[in-house]
Amino acid sequence: MMNRFLLWMVLFVAAFEAVATDAVEFDYMMNCQGCHLPDGAGFPAHNVPAVAGNLGNFLGVDGGREFLVQVPGSAQSDLDDARLAAVLNWMLVSFSAEQLPADWQHYTAAEVHELRKTPLIEVTPLRAALMDLIEVKQQSGGAGR
Amino acid sequence: MLGKWLDNTIERATRRQARLTSRRSLLRRFGLLIIGAGFYPLLPVFRAGAFAEAPGIPEEGDANHCSYWRYCAMDGYLCGCCGGSSTSCPPGTVVSDITWIGTCRNPSDGKHYVISYNDCCGKGACGNCSCQRDEGDTPLYRPQNSNNVNWCAGSQADVPYHCSLAVVIGVKE
């Protein structure tokens, strides 16, 4: 009887033991989540772009793939090239899988390394231009994939 | 062969069960469960984690004191001293979703936990339990890790700052 009680206690404690956060999600938390929020919703009313349901669209237009790396929140983060590539890939799949082109390629550390060398000066107009391209593409029926 | 073995096994188990339990034991145990479930939430344990947090974080220290482990990067008034708790905003204020995120080491288990320092907004400054530890704070030219930003500017209630929370949102491996 005592043994069974102990077994239940062990199971009870094990069930509530804090589970370590996934390493990629940890990097997202520490570098992105403060503004883009846990579900990627952002806060468009206060100029924090929504990542969810949107991010994958950038890989479908010219210049979008570069933009996701060069945007200051990515390029100037504390993450090294490999971890930034991993976080971007994780965000694309986690928050915007439906918008991804069927033939999209994962970011690699080498690609991120090259793109980071070129900082963006006019971020807001470039983003607006890319959003226009995305909208045109969606209206012409090539939505997403 | 297998069927006979199964028959025997189940018969033995059933007879054993019948020998060892009374007819009303289910009633007794079920009653105990109902009463126990009612009493469990009344047990006097620390419940700072009652608000949208994973349970099971080992705790020590006073959540209404600046020395509490979760406040390692705190810069503001502790909501626990302002009518709320370390994880919930006081009445009349709105939590800012956009926030400062950092890690603090929990002395109870030595692990580094990811802490979200959400501000509570919409009322004037609380003024109680001012706490400024700033560990890991960066200058304003790296705003994503600067706790000196008024994060209420990113809330539905906008600028008025009242107090700050320290919500555990993850554990570092």
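As the structure is a computational prediction, the values presented were derived from the model and not from experiment.

### Considering the overall build of chain A
What chain A contains, in helices and strands, is seven helices and zero strands. Along chain A, helices and strands appear, N-terminal first, in the series α-α-α-α-α-α-α. Looking at chain A as a whole, 26% of its 145 residues qualify as buried. Sequence-distant contacts in chain A: of pairs separated by 6 or more residues, those separated by 24 or more amount to 68%.

### Examining the overall build of chain B
A tally of regular secondary structure across chain B gives two helices and eight strands. Mapped in sequence order, the helices and strands of chain B form the string α-α-β-β-β-β-β-β-β-β. Here chain B holds 173 residues, and 34% of them are scored as buried. Pairs at least 24 apart in sequence give 72% of the contacts found in chain B among residues at least 6 apart.

### Side note on the sheet that holds strand S8 (residues 167–171) of chain B
Taken in spatial order, the three strands of this open sheet run S3-S4-S8 (chain B), and their pairing is antiparallel. Both edges of this open sheet fall to strand S3 (100–105) and S8 of chain B, since each of them pairs with a single strand only. Recorded for the sheet is a direction-independent mean angle of 35° between the axes of neighbouring strands. Inspection of the sheet shows S3(B) paired to strand S4 (residues 112–117) of chain B by six bridges, in the antiparallel sense. Pairing of Trp100(B) across the sheet is with Tyr117(B), part of S4(B). On the sheet, helix H2 (residues 23–36) of chain A packs against S3, S4 and S8 of chain B and is oriented at approximately 140° with respect to S3(B).

### Considering the domain arrangement of chain B
Splitting chain B by domain gives domain 1 (2–42) and domain 2 (48–171). Centre-to-centre, using C-alpha coordinates, domain 1 of chain B lies 48 Å away from domain 2 of chain B.

### A closer look at the sheet that holds strand S2 (residues 94–95) of chain B
Residue and element names in this part refer to chain B. Spatially, the three strands line up as an open sheet ordered S2-S5-S7, and their pairing is antiparallel. Taken across any chain shown, the strands that pair with only one partner, and hence form the sheet edges, are S2 and strand S7 (161–164). Here S2 pairs with strand S5 (residues 119–121) via two bridges, running antiparallel. From the neighbouring strand, Val95 faces S5, where its bridge partner is Cys120.

### Looking at unusual backbone geometry
Even without being a glycine, Asn47(A) presents a positive backbone phi close to 65°. The topology assignment puts Asn47(A) in the loop between H2 and helix H3 (64–70).

### Observations concerning the nonpolar core
Ranked by internal contacts, the top residues of the largest apolar core, which has 56 residues, are Leu88(A), Met91(A), Val114(B) and Ile115(B). Elements supplying a minimum of two residues to this core: H2, H3 and helix H5 (81–96) of chain A together with S3, S4, S5, S7 and S8 of chain B. With residues near it in sequence (within four places) discarded, Leu88(A) still touches Leu68(A), Val69(A), Ser74(A) and Tyr107(A).

### A few points about the pairing of S4(B)
All names here are of chain B. Among the six residues in S4, five count as buried, and that is most of the element. The hairpin turn running from S3 into S4, its antiparallel successor, is six residues long, and Gly110 in that turn takes a positive phi close to 75°. Of the strand pairs in this sheet, S4 and S8 are connected by four bridges, and their pairing is antiparallel. Across the sheet, Ile115 pairs through a bridge with Val168, a residue of S8.

What counts, and where the lines are drawn
Residues numbered from 1 in each chain as written. Chains lettered and ligands numbered in written order. Predicted model: local features only at pLDDT ≥ 70, side-chain atom pairs only at ≥ 80, totals over all residues. Helix = DSSP H or I, 4+ residues; strand = E, 2+ residues; numbered from the N terminus. Buried ≥ 20, exposed ≤ 12 C-beta atoms within 10 Å, placed from the backbone. Contact = placed C-beta atoms within 7 Å. Pairing = 2+ DSSP bridges. Axes fitted to C-alpha atoms, helices over the stretch in contact; angles between N-to-C directions. Domains from an automatic or database assignment. Core = buried A, V, L, I, M, F, W, Y, C linked by C-beta atoms within 7 Å.

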